[in-house]
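Chain residues, written in single-letter form:
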Amino acid sequence: DDLCAHWFAGRNSDQYGEQLMMLSILWAVELAKKLFSVAIENLLKQHPKESVDEDGEPFWTGTRRQPKVAFYCSKVEEDNLFQQAVNEQIVNFVQSAARLRMETYIPQKLSACHETKPTKTAVLEALEQFESASSTEDIDVTDSNTMSQIMTSLEGTVFDIETMLNPVEFEKDDESNGHVSFITAASNLRALSYGINPVDEMETRRIAGRIVPAMITTTALVSALSSLELLKLVQSAPLRTHRNAFINLALPFFALTSPLPAEEIVGVNGKTHTIWDKILVKEKKKAANMGGITVKQLLRKVEKSSGAPVSSLSYGPYLLYANFLHEDDDELMGKPVAALVLEACLSGDEMCGSESEELYKQDQEELVEDLEKKMFLDFMAVAEDEESGEELELPPIRLIKYARKNGQSLSSGKGLEAA
């Protein structure tokens, strides 16, 4: 409690380094308890030894190994090799974790005169005290007396730039920094819990040395292949020059295949389109100056491009227009599309599902601002086939707003542009 009460006080005092060391050890002990004891105990409570899965089969079978709790115990029998190995790894874990914590929090001007690695004796004393306290009573981190002492010590405390933490970057090849020691202890404790043989620091360093360059190499290769395909796309290269890549660097395995054309979707009047097609409608300056392109103007351009009358027009979950409802509604047909979209979003109409409920909960001012910032609006439309009378979905409609300032009109992808 006294350490907690003086945690932020006297940061530059001589006692600060000693207090930080003791607190770092206690933190590391609690971390080990949480990761290798409490977490496993909770898992075993959820799935006891005799539990079964959804199919009625034993849960702990096959690839599922039942873990063991791995935490420090001072009283160990000579033939209990498992607990002896756990004790050794717990001490290593607390030592290395406390050191990393110490190096993160200690001020730079104090780091030169204070040892950051705790001694084995100090770690053992902390573990035995924690073991004794845990066996007699539960530890309540929200104890009112402790919290009041901490709050009292914080009153009037002035924080300056020196309170910033020190970043610690992982370096596997430096044997003196303790980074590999921490990883080795943590992975060995997890391995012991599941009946896997622990390894030494050399093996940990070897595995880490293989993983890091493998990740970098894979990322570089995927980025390079994607960039090559992007260059082909920018140059409008034919589909036969593009390639799908299937790569496994561990085998190694490399396979390049030609992509298939996008599936053709049958639309109205026998016309076809793909999922990449859009009907592009560009808002003219004259329409923009008059408040924006109207619903009637948008429908006319879409009908001219698709060759079929539009039956319905939707924006997200909102139904904006239906011919059996609004065909003779002059007020709606003359309303700017952007204004109709805003009105529909603010109304929270639930005609098309629960997504509108989430939109309705948003702050109205933010919603208006977001819609105004959009350079384009995407709509979905259904048209009636003149030959069969069947209603078919048109390609997505993208209304590109007129750029009033220095912005440029945005258009992308293969489009069926409406003049």
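Residues numbered from 1 in each chain as written. Predicted model: local features only at pLDDT ≥ 70, side-chain atom pairs only at ≥ 80, totals over all residues. Heavy atoms only, no water.

## Let's talk about the nonpolar core
Note the following rule: In this description, a nonpolar core means a group of buried Ala, Val, Leu, Ile, Met, Phe, Trp, Tyr and Cys residues linked to one another through side-chain atoms lying within 4.5 Å. Residue exposure (1.4 Å probe, protein chains only): buried if accessible area is under 20% of the type maximum, exposed if over 50%, otherwise partly exposed. Secondary structure elements follow DSSP: runs of H or I no shorter than four residues count as helices, runs of E no shorter than two count as strands, and numbering proceeds from the N terminus. Contact definition: two residues touch when any of their heavy atoms are within 4.5 Å.
Core analysis: the largest hydrophobic core is formed by 33 residues, its most contacted members being Leu298, Tyr315, Val341, Phe379 and Ile397. Looking at this core element by element, the count peaks at five residues for helix α13 (residues 337-347). Other than its neighbours up to four places away in sequence, Tyr315 contacts Leu320, Val341, Cys345, Leu371, Lys374, Leu377, Asp378 and Phe379. Grouped together as the second largest cluster of nonpolar side chains are 29 residues, Ala32, Phe36, Ala97 and Ala126 included.

## Brief notes about a negative patch on the surface
Note the threshold: Patch definition: residues above 30% relative accessible area lacking any salt bridge, with like charges linked at up to 9 Å and the nonpolar side chains Val, Leu, Ile, Met, Phe, Trp and Tyr linked at up to 5 Å. All accessible-area figures derive from a Shrake-Rupley calculation using a 1.4 Å probe, and residue coverage is judged against the displayed protein chains alone. By definition, a salt bridge exists where a carboxyl oxygen of Asp or Glu is found within 4 Å of a side-chain nitrogen of Lys or Arg. When charges are counted, neither His nor the chain ends are considered; positive counts come from Lys and Arg and negative counts from Asp and Glu. In plain terms, the charge of a residue is placed at NZ if it is Lys, CZ if Arg, CG if Asp and CD if Glu.
A surface patch of negative charge is lined by Glu171, Asp174, Glu175, Asp200 and Glu201. As for its placement among the helices and strands, Glu171 is situated in the loop between α6 (144-154) and α7 (179-193).

## Thoughts on the packing of aromatic side chains
Counted only if it meets this: A pair of Phe, Tyr and Trp rings is counted when the ring centres sit within 6.5 Å of each other, with Trp represented by its six-membered ring. The angle between the planes then sorts it: under 30 degrees is stacked, over 60 is edge-to-face, the rest tilted. By definition here, charges over rings are those cases where NZ of Lys or CZ of Arg is within 6 Å of the ring centre and within 35 degrees of the ring normal.
One pass over the full model with this rule turns up five aromatic pairs. When the ring of Phe36 is compared with that of Phe93, the centres are 5.3 Å apart and the planes differ by 90°; the resulting orientation is edge-to-face. Of this pair, Phe36 sits in helix α2 (residues 14-46) while Phe93 sits in helix α3 (residues 81-105), and the two are 57 residues apart along the sequence. The ring centre of Trp27 lies 4.4 Å from the NZ or CZ of Arg101, which sits over that ring.

## Here's the deal with the pattern of salt bridges
Under the criterion given, the structure shown has six salt bridges. With a shortest N-O distance of 2.9 Å, Lys172 and Asp173 are connected by a salt bridge. Take Asp173: its relative accessible area is 52%, and that puts it in the exposed class. Across the pair Lys335 and Glu343 runs a salt bridge, and its minimum N-O distance is 2.9 Å.

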